[in-house]
Number of protein chains: 2
Amino acid sequence: MIVALAGGTGGSKMVHGLTLATGQRDLTAIVNTGDDGEFFGLLVCPDLDINLYCLAGVVADRGWGYADDTFHCLEGLATYGREAWFGLGDRDLATHIHRTLMTRGGARLSEVVDDLRARMGVEARVLPMTDDPVRTIITTATGEQRFQEYLVRDGAREEIASIRAEGLDTAIPAPGVIEAIATADLIVIAPSSPIVSIGTILGVPGVRAAVAARRERVIGVSPIVSGAPVEGPAHKFLRGAGYHECSARQMAAMYADVCGTFVIHESDANEAAGIEALDVRTVTTDILMPDRASRERLAHTVIAAVG
Amino acid sequence: MIVALAGGTGGSKMVHGLTLATGQRDLTAIVNTGDDGEFFGLLVCPDLDINLYCLAGVVADRGWGYADDTFHCLEGLATYGREAWFGLGDRDLATHIHRTLMTRGGARLSEVVDDLRARMGVEARVLPMTDDPVRTIITTATGEQRFQEYLVRDGAREEIASIRAEGLDTAIPAPGVIEAIATADLIVIAPSSPIVSIGTILGVPGVRAAVAARRERVIGVSPIVSGAPVEGPAHKFLRGAGYHECSARQMAAMYADVCGTFVIHESDANEAAGIEALDVRTVTTDILMPDRASRERLAHTVIAAVG
């Protein structure tokens, strides 16, 4: 049984690759919910949905949202003067409406996700990191913004002064999270943001210690290639969290307590010695996952590295 | 200034015709809200939306919903096991989301409608009959159903035992309703259902008396042609309300206290004498309104009839 800790697009690619390598039934994805938020009165869980859509084979080519979706509702909301910067497609809205109705009816987020998973025909297990609301808040010179406001609405242009995850301190791991970590044959930290994705998952009380206890079975995949993020403004989040180096070694250092093995890109091979000095075994390979074949190949490398 | 009392498709055609004949600024539509209901946690007001969309020139050819709309969200909801029998299009959903958010924020329905009206560029005044929730409940041998459940989900197949409008007894006319009726040069009762559309509007405490006080300026248009409803199961609603005759004369009788003039179809000309016997002047013409030209022509006839 493989457990993956995953954020959004980068995380879903790794999760997808692992299912291609081992079959969906052998995988449990534990997914960040710090990006979640309310849009138009609907509970939207971007990272969970990206993973579910990816596993169901219905994710759009751009890496988020439903394939071949339209945006007629969002366009209509814009004509009514509503902020329409968050790309909620029409088919995608069904997921948010269904989830909102279920949670309003008393269901826990993990129950909603399992319902969506089953209805989409996904056989992998998908768990939110917690059923409790956690909301990442970004503070810049302009003030506080919700995560998606900073990233999507404002294009992550400003430097970040600080990052906090509201509700994280008192969040309880969702049912099955600690057990899955404790019993996994392999735990994969996907190449998602170490601050706002993986960092948030590890920040749920009890999770970091549970992963650290399995350190020898944990392998991380670097989200950095040639000293720059594979995608997204990871360097901004790093600086906002007080890390002024954006490198594979920096990533490994942040995971050194939980992660016995770390996979870096060939172009960062010169960092291997520095990472080994942290008592982290290093695997060097092509970590980019633009397509199905590259995802499956990287997953095989990851699985083989921890045996 | 012309006031129209209107239900959904039939009502919107008359309202549309009147604006073609006089311009939008001279018209106030007072619209039934007894068909309103919650779908997927959203407040849906079918008759108000049909009238707004029609006045904005964006109603679909079928007479309800937004033109050229898609149904991707509804299709998605069906895959999640939700009842998807009520045709909410994707663009249309924006209206329901906007309205739901406004009402949840404390706005009255009449404020929402005026906001939608302005944003759609509609110059006619559109008023809900009341800001208070009124819900038409249909009782059949099977039990109680919400109006749309009976009409749309179940296809109006069963005979109706009784009809009631929950909340109607204590509803207060929306701001402007009584004033518009009191000061109108002409009040047109559109060819909507005398039971579940016009009957509901007239049932708002104070409205029937206000219209009756203007009886000489009130003209009704029959929803019956050749003894059968122009559209919809009007005969079922009539029987459910205890009226076993489905005729132009029956319609006129139901409006005789509020309506000094009644327009019937040429094919029902033989009923004119019976209607005149109710002290209701009768105008005989083609009352079908399939297109723009026929709506405008009927509107001119209606306006000329009361002078």
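Residues numbered from 1 in each chain as written. Chains lettered and ligands numbered in written order. Predicted model: local features only at pLDDT ≥ 70, side-chain atom pairs only at ≥ 80, totals over all residues. Heavy atoms only, no water.

(A) Structural view of the overall build of chain A. Secondary structure assignment for chain A yields 13 helices and 14 strands. Here chain A has a C-alpha radius of gyration of 18 Å; the compact-globule value for 307 residues is 19 Å, and the two agree. C-alpha extents for chain A along the principal axes are approximately 55 × 45 × 35 Å. Each of the 307 residues in chain A was classed as buried or not, and the buried ones make up 59%. Restricting to contacts in chain A with at least 6 residues of sequence separation, those with at least 24 account for 69%. Looking at chain A as shown, the accessible area adds up to about 11,200 Å², and 51% of this sits on carbon and sulfur atoms. (Helix = DSSP H or I, 4+ residues; strand = E, 2+ residues; numbered from the N terminus. Rg over C-alpha atoms; globule rule 2.2 N^0.38 Å. Buried < 20%, exposed > 50% of the residue type's maximum accessible area, 1.4 Å probe, protein only. Contact = heavy atoms within 4.5 Å. Areas by Shrake-Rupley, 256 points an atom, 1.4 Å probe, with all protein chains shown as cover.)

(B) Spatial organisation of the environment of Ala-4 of chain B. All names here are of chain B. Locating Ala-4 in the fold gives a position in strand β1 (residues 2-6). With 128 residues separating them along the chain, Ala-4 and Asp-132 place their C-alpha atoms 20 Å apart. Apart from the residues within four sequence positions on either side, Ala-4 is in contact with Val-15, Leu-18, Leu-27, Thr-28, Ala-29, Ile-30 and Val-188.

(C) Inspection of the relation of the copies chain A and chain B at higher detail. Between chain A and chain B, the superposition needs a rotation of 180° and an axial shift of 0.1 Å, giving an RMSD of 0.0 Å. This pairing of chains is accounted for by a two-fold axis. In terms of C-alpha distance to the rotation axis, chain A has Asp-90 of chain A as its closest residue, with the C-alpha 3.0 Å off the axis. (Least-squares fit on C-alpha atoms with pLDDT ≥ 70 in both.)

(D) Local environment of the interface of chain A and chain B. Taken together, the 26 residues of chain A in the interface contact 26 residues of chain B. Buried area between chain A and chain B, summed over both chains or domains, comes out near 2,200 Å², and the portion from carbon and sulfur atoms is 63%. Seen at the junction of chain A and chain B, the total is 12 residue pairs in polar contact (both at pLDDT 80 or more). Within the residue set of the side of chain A that touches chain B, elements represented by two or more residues are α3 (72-79), α4 (90-104) and α5 (109-119) of chain A. Tallying contributions element by element places α4 of chain A first for the side of chain A that touches chain B, with 10 residues. Of the residues belonging to the side of chain A that touches chain B, the class tally is 12 nonpolar, eight polar and six charged. (Buried area = accessible area lost by both parts, 1.4 Å probe. Polar contact = N/O pair within 3.5 Å; in protein donor to acceptor, adjacent residues only side chain to side chain. Nonpolar A, V, L, I, M, F, W, Y, C, P; charged D, E, K, R; others polar.)

Spatial relationships are all this shows, so hold off on functional conclusions.
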